[in-house]
Amino acid sequence: MQEIPRKSLLRSLLHQRGFALVTVIWGLGLILLLGGTLVAGAKYRSRIASADTSIARAAAAAESAINLAIAATLMPEGRTRFPLQCRMPGGERAFVTVEEEIGKVDLNTASKPILERLFAALASDKAFGERIAGEILRTRSTTPSTTPRPGTEAGNPSPSTTNGKQGPRPGITSIMELDQMAGMSLGLFRKALPFITVASGRTSPAGEAASPALIEALGLSPPPAQPRRISASGSVTIRADVTLSDGSRQVREALIDFEGGTQLPYVIREWRLGTSASSPTQQRRLPPCVRI
């Protein structure tokens, strides 16, 4: 039997050990890579869960702020004035506004000139504004109307005739339907949201309840100098802009009807996600929203 030279045997053993060492190194590298991936995935999932928790907390705080605003509006001779900046019980910073729907342009009942002026001003294009106004008129005319009850005016029904409780049934049931109309861009849609409604039943907005921006756009008469008190009558939009300590932010809006025709003092007609285009003035110390 031929004897294997000692040098060849040594080389063979070294080669095998080197291959085993490379295999072990590659295996350890793969294990470290897999472990790092798992750790990164866990951190990512933790961040997502934390973000979801913050969003849910901000949304709950915003809805609570809206309910507080409803309660403040229903209180007789309440001292709450809007807009209101305050601190929620959980430490969230809330900015709450209340807008009367009679001070907005009703997509169902506004006159053609009012619609044209509004969208021409928002789009900075008269021809484009006229096209959007025509599309709104066409859309709202596709739904049949019921016969108005006696005592209602064709032009500006009283507050008790809004929301379809009396008078014509609206062809547009939500301001969010404006986004689906032909020619409407996302930018113009967002610009229009603060100025439109489907709950006033008026051919033109009430100047005393309209915002300064809408008054300027439509050329309405300026409102009285004294602030207008919001009362629990008609329909209003309550907007709550809530910011958490970690920077999470949530804007919610609710369309409230204080004359809903039911046994309840109010009816929430619609919940909406609001836009956060502008931030309220930040104050270092805010009064509590609820005083015990």
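What comes next concerns the included structure. From a predicted model like this one, the values you see are computed outputs, not experimental measurements.

1. Some remarks on the nonpolar core
Part 1 of the reasoning: Val105, Leu107, Leu115, Leu118, Phe119, Ile136 and Leu178 are the most contacted members of the largest nonpolar core, which totals 28 residues.
Part 2 of the reasoning: When contributions to this core are tallied by element, the ones reaching two or more residues are helix H2 (112-123), helix H3 (126-140), helix H4 (186-192) and helix H5 (212-218).
Part 3 of the reasoning: Top element by residues in this core is H2. It accounts for five residues.
Part 4 of the reasoning: Those residues in contact with valine 105 that sit more than four places away from it in its chain are Ala110, Ile114, Leu115, Leu118, Phe195, Ile196, Thr197, Pro205, Leu214 and Leu218.

2. A look at the pattern of salt bridges
Part 1 of the reasoning: Tallied over the entire structure, the rule returns 11 salt bridges.
Part 2 of the reasoning: Put simply, glutamate 116 and lysine 112 hold a salt bridge, and the shortest N to O gap is 3.9 Å. Of this pair, glutamate 116 and lysine 112 both sit in helix H2, four residues apart, which is roughly one turn of the helix.
Part 3 of the reasoning: Across the pair arginine 269 and aspartate 257 runs a salt bridge, and its minimum N-O distance is 3.0 Å. On the criterion of sequence distance, the pair formed by arginine 269 in strand S7 (residues 267-273) and aspartate 257 in strand S6 (residues 249-257) is long-range, its members being 12 residues apart.
Part 4 of the reasoning: Residue arginine 269 is classed as partly exposed on the basis of its relative accessible area, which comes to 38%.

3. Thoughts on the sheet that holds S6
Part 1 of the reasoning: Ordered in space as S1-S2-S5-S6-S7, the five strands form an open sheet in which the pairing is antiparallel. Edge positions in the sheet fall to strand S1 (84-87) and S7, since each of these pairs with one other strand and no more. Direction aside, the axes of adjacent strands within the sheet are offset by 20° on average.
Part 2 of the reasoning: Here eight bridges tie strand S2 (residues 93-100) to strand S5 (residues 235-243), and the two strands are oriented antiparallel to one another. Looking across to S5, one finds that glutamate 100 is bridged to valine 236.

4. Things to note about H3
Part 1 of the reasoning: The terminal C-alpha atoms of H3, which comprises 15 residues, lie 21 Å apart, in line with the 21 Å expected from a rise of 1.5 Å per residue.
Part 2 of the reasoning: Residues of H3 that are buried include every one of Phe128, Gly129, Ile132, Ala133, Glu135, Ile136, Thr139 and Arg140, and no others. For H3, the angular spread of buried residues about the axis comes to 160°, placing them on one side. Facing away from the buried side of H3 by over 90 degrees, the exposed positions are Lys126 and Arg131.
Part 3 of the reasoning: Contacts from the buried residues of H3 go to strand S3 (105-106), H2 and H4.
Part 4 of the reasoning: Sitting at the head of H3, aspartate 125 places a side-chain oxygen 3.1 Å from the backbone nitrogen of alanine 127.

5. Description of the packing of H2 against H3
Part 1 of the reasoning: Between H2 and H3, whose axes approach to 7 Å, the crossing angle comes to 135°. As summarised for this structure, H2 and H3 are arranged oblique, according to the angle between their axes. When the axes of H2 and H3 are compared, the crossing they make is right-handed. Contacts between H2 and H3 involve Lys112, Leu115, Glu116, Phe119, Ala120 and Ala123 from the former and Lys126, Phe128, Gly129, Glu130, Ile132, Ala133, Ile136, Leu137 and Arg140 from the latter.
Part 2 of the reasoning: Of the residues assigned to the contact of H2 with H3, the class counts are nine nonpolar, one polar and five charged.

6. Some remarks on the state of the cysteines
What we call a disulfide is simply a covalent bond connecting the sulfur atoms of a pair of cysteines.
Part 1 of the reasoning: Using the criterion set out here, one finds one disulfide in the structure.
Part 2 of the reasoning: The partner cysteine of cysteine 86 in its disulfide is cysteine 289, sulfur to sulfur 1.8 Å. Given an S-S torsion of about 90°, the disulfide between cysteine 86 and cysteine 289 has right-handed geometry. Here cysteine 289 lies in the segment after S7 and cysteine 86 lies in strand S1, a separation of 203 residues in the sequence.
Part 3 of the reasoning: For cysteine 86, a relative accessible area of 2% gives the class buried.

Parameters and conventions
- Residues numbered from 1 in each chain as written.
- Predicted model: local features only at pLDDT ≥ 70, side-chain atom pairs only at ≥ 80, totals over all residues.
- Heavy atoms only, no water.
- Core = buried A, V, L, I, M, F, W, Y, C linked by side-chain atoms within 4.5 Å.
- Buried < 20%, exposed > 50% of the residue type's maximum accessible area, 1.4 Å probe, protein only.
- Helix = DSSP H or I, 4+ residues; strand = E, 2+ residues; numbered from the N terminus.
- Contact = heavy atoms within 4.5 Å.
- Salt bridge = Lys/Arg side-chain N within 4 Å of Asp/Glu carboxyl O.
- Pairing = 2+ DSSP bridges.
- Axes fitted to C-alpha atoms, helices over the stretch in contact; angles between N-to-C directions.
- Expected span 1.5 Å × (residues − 1).
- Arc of directions from axis to C-beta.
- Polar contact = N/O pair within 3.5 Å; in protein donor to acceptor, adjacent residues only side chain to side chain.
- Parallel < 35°, antiparallel > 145°, perpendicular 65-115°, else oblique.
- Left-handed = near helix turned anticlockwise from the far one by under 90°.
- Nonpolar A, V, L, I, M, F, W, Y, C, P; charged D, E, K, R; others polar.
- Disulfide = S-S within 2.5 Å.

None of the figures reported here should be taken as evidence of function without further support.
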